[in-house]
Structure formats: structure tokens, C-alpha cells
Amino acid sequence: MDFTLPESAQAVQRGIADICSRYDLGYWQRCESEKKWPEEVWAELAKGGWLGLAVPEEYGGGGQGLLELAVATETLSASGAAGGAAFTYVLTPGFGALTLARHGSAEQRAELLPGLATGEVETCFALTEPDAGSNSLAITTSARRDGGDYVVNGQKIWITGVQRATWMLLVTRTVPAAEASPRTDGLTVFLVNVPEAVAAGRLSYRPIPKMGANTTPSNMVFVDDLRVPADRVVGEVDRGVAVLWDILNPERILLAASALGTAEVALRVAVGYAKEREVFGRPIGANQSIAFPLAQVKAKIELARLMIYKAAWCFDRRLPSGTEANIAKLTASQAAWEAADAAFQTHGGMAYSLEYPVARLLADARIGKVAPVTEELLLNYLATQVLGLPRSF
């Protein structure tokens, strides 16, 4: 058993860290307060080829996998981006490149992967609905065949990055949930050209005001009689669940990597303050009530990192990775929240000051416990699917 990261992942660490060294915590604070996408960092990542890690080499990418994407996400997040790093690597390299490299048709790969490798093409993912929530199988956005097209109608919520996306991976029901047997049947994933659909008046969106992660807007999305050509199906009609799992598991792993980075930067900020701040004649870090929670966070960070890397390793080898992805997401989100909370407590009243990054880190860390799937559902999966305990519904 070898715990050494492959050279490909180490190269990603070095490359991303080199770019991030030019952007301090103040830069990420400004991006958040101004609700501004980190254009400068995005441009450097694109120029260096770091956005095309998961694009096969024949399409101009790095030919790497989810492990390298996770390492990139963690490194960017730990540099100071925190939760803002998640969307940089989830939206386009994750939702777009990774999905199409594995499930796209030859035509879809040839058309989209070169642009995804350079960052010229961007993607978003639309699954969650107002009434279905975490019960993804209960979505009602429908797609019915009409000649060579499908006509799509429905609503989505918390869809991040629509404003920048060239293409949306849109999850629909081609068989209503009540008629599907098993319930996982009847799902179909489509590629939707966002600018074209918006220009035609068939797709619209409305940003949702939110407490954090404001570098990228999240939206309500409305789809009205949108015609999508049949050749825009990703995978198979009615068999989209196979594509869906290969989107959701990487999403959880990448968000876990972002949470891990958030925990790292929160711990770094807390330790720095605990060394410098003196009360009663000594640094507050000399007090065990400050030191021990920070030490506990460090232990949890290292444990979460092992599971994130294992989950990504399993996915890249096409081994079952659902349990590992869920554990990675659970443990990393918990580590992030505990780190941000400890950083807040370490700073005391100064944590309320927006001159410090603690409030931003706390908001970024908190969302990981509820999105894209709640902590309770992760635990329910482990209880019923792994431990074999009886279901409550």
C-alpha cells in the first residue's frame, strides 16, 4: 500500500500553489464582498492548462482524473479561496469535462472537450427542484419526444453558474417517477445550450440572495417548452441514472476537497492569530482551551484527506466509490465546520470584524453540512446501505 501521491497529482499541487501564491486572503475577501468571479485566477488556471486536467489528451487536455481535480480543488481552497474554490473545479472541469469524457458521445466529445480544456466553454448542472429537494428521483421536470427533438418543461433551484455557462447538463424525467420501475429508471440527461435557450425565451433564471459563496450566483431556473435535439442526450434515454451517479459522486468528492481546503485555511488563520495575540502576558495559543480544539481539527483534516484521495482513486479506476464519496463529504464538511468554529472562538470578538476572514470562512464551512446533500442523508446512506439497518421510509 503506497500513500505517496502520484507525480501527476504532485505536479498539480505545485502548479496551482504557484498561481495561488500571487493572490492573498484579501483578494478572495474582495471577490466575495464584490460578488465577483475570480477572473484573474481563472485566466491563469486556463493559461496553464489546469482546467483541462480531466480532458483526454486527444482533445487537448491533461488526460488525468478525479484525483488530480480533487488535489487542484484542495490546493486552491487552502490558498485562501475556501468555498469559492469549489465552483472553479466543480462546474466546468467536474460537471462538464469529467462527465463528457466518460459518458459523452463521440460527437459531443469532439465538439465540447477542446473548449472545456481551455476554459473557453463552461458548464453548469441542473438537478435540484423546489418540491423534490434531496429526493432527486422525485423530480418532475419533463422531457417528451417530438420528432427529432425533446420538449422540456420544469423548474430547478440552487443552480450555480448559469450566468457563465455555455452548456447546462439538465436532468429530466422522460418517464414520470410514479410510472418508473424501478424508480431510478426514466431519467434522462440533456446538454442544453444556455445562451441559445435564453435568447429564444425558453430558459430563464433568477439569482437567489445567499449568505456566502457569492463569487458565483445560484439561481432559480425556469424551462418552458424548450426544444432540445435528440443528439443532445448524454448517455442513454431513460438510463440517465448511470450518468447521474458519475456526476454526483465526483461532485461530493470535489466539494469534500474544497471543504478540506477551507478547514486548512481556517486552521492556518486561527493558529497564526493564536501565536500573535497576547492576553495575560502570554500568547493565547499557550492555553489548552485554545490549543486542543485546533489540534483536534488538524487530526480530522488528515483523516478526511485520506478518504477524499481514496474516493477519487476508486472513481478513477471505475471501482465502486459511492460509500467512499459519502464518507469523504461527511468527514471533510465536519472538519471544515469545526475548523471555522475554532477559528471564530480563537479570534473572540474580533471574529465579527470583516477585516478578518473568519466570517467568510464560517459561512463557507457551514454550507457543506447541508449542500449538495445534507449530513443526515449521508448518515442515512451509511446506516441503511452500508450497515444494513432498516429504512425509516
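Residues numbered from 1 in each chain as written. Predicted model: local features only at pLDDT ≥ 70, side-chain atom pairs only at ≥ 80, totals over all residues. Heavy atoms only, no water.

Per an unreviewed UniProt entry, the chain goes by Acyl-CoA dehydrogenase and derives from Nonomuraea solani. In the Sequence similarities (unreviewed entry) part of its UniProt record, the chain is described as follows: "Belongs to the acyl-CoA dehydrogenase family." One UniProt comment on the chain, placed under Cofactor (unreviewed entry), says "FAD". (UniProt positions renumbered as here; feature names shortened; annotations may be inferred.)

I keep staring at the UniProt feature "domain: Acyl-CoA dehydrogenase/oxidase N-terminal" (unreviewed entry) in the chain and nothing clicks. Help me out?
Here the UniProt-annotated "domain: Acyl-CoA dehydrogenase/oxidase N-terminal" (unreviewed entry) positions come out as residues 7-120. Overall, residues 7-120 shows 71% helix and 0% strand. The separation of its end C-alpha atoms is 27 Å. (Helix = DSSP H or I, 4+ residues; strand = E, 2+ residues; numbered from the N terminus.)

It is not clear to me how unusual backbone geometry should be interpreted in this structure. Could you clarify?
Note on backbone geometry: most residues besides glycine have negative phi, and most peptide bonds are trans. Note that the residue after Ser181, namely Pro182, is joined by a cis bond; omega there is -5°. By the secondary structure assignment, Pro182 is in the loop between strand E4 (167-173) and strand E5 (187-193). With an omega dihedral of 0°, the bond running from Ala371 to Pro372 counts as a cis peptide bond. The residue Pro372 is located in the loop between helix H11 (358-367) and helix H12 (375-386) in this model. We note that Ala82 has phi near 55°; this positive angle belongs to a residue other than glycine. Note that Ala82 resides in the loop between helix H4 (66-81) and helix H5 (84-103). Accessibility expressed as a relative area gives 0% for Ala82, which makes it buried. (Buried < 20%, exposed > 50% of the residue type's maximum accessible area, 1.4 Å probe, protein only.)

Mind showing me how you'd approach a nonpolar patch on the surface here?
On the surface, Met1, Phe3, Leu303 and Leu306 cluster together into a nonpolar patch covering about 570 Å² of accessible area. Mapped onto the fold, Phe3 is located in the segment before helix H1 (7-20). (Patch = residues over 30% accessible without salt bridge, like charges linked within 9 Å, V, L, I, M, F, W, Y side chains within 5 Å. Areas by Shrake-Rupley, 256 points an atom, 1.4 Å probe, with all protein chains shown as cover. Salt bridge = Lys/Arg side-chain N within 4 Å of Asp/Glu carboxyl O.)

Would you take a moment to explain the pattern of salt bridges for this structure?
Side-chain pairing between opposite charges can occur once the charged atoms of the two side chains come close. Applying the stated criterion across every chain, the model contains 18 salt bridges. Between Arg305 and Glu74 there is a salt bridge whose closest N-O contact spans 3.0 Å. Residue Arg305 is located in helix H9 (residues 288-316), and its partner Glu74 is located in helix H4; the two are separated by 231 residues in the primary sequence. Since its relative accessible area comes to 15%, Arg305 is described here as buried. A salt bridge links Glu111 to Arg232, with the nearest nitrogen and oxygen atoms 2.9 Å apart. With Glu111 in helix H6 (residues 106-118) and Arg232 in the loop between strand E7 (218-229) and strand E8 (233-234), this residue pair connects regions lying 121 residues apart in the sequence. Note on Glu111: relative accessible area 42%, which makes it partly exposed. Several salt bridges converge on common partners, so that one network encompasses Glu74, Glu264, Lys298, Glu302 and Arg305.

It is not clear to me how the UniProt feature "domain: Acyl-CoA oxidase/dehydrogenase middle" (unreviewed entry) in the chain should be interpreted in this structure. Could you clarify?
Look at the UniProt record and you will see "domain: Acyl-CoA oxidase/dehydrogenase middle" (unreviewed entry) annotated at residues 124-225. This span, residues 124-225, is 6% helix and 46% strand, and a straight line between its end C-alpha atoms measures 20 Å.

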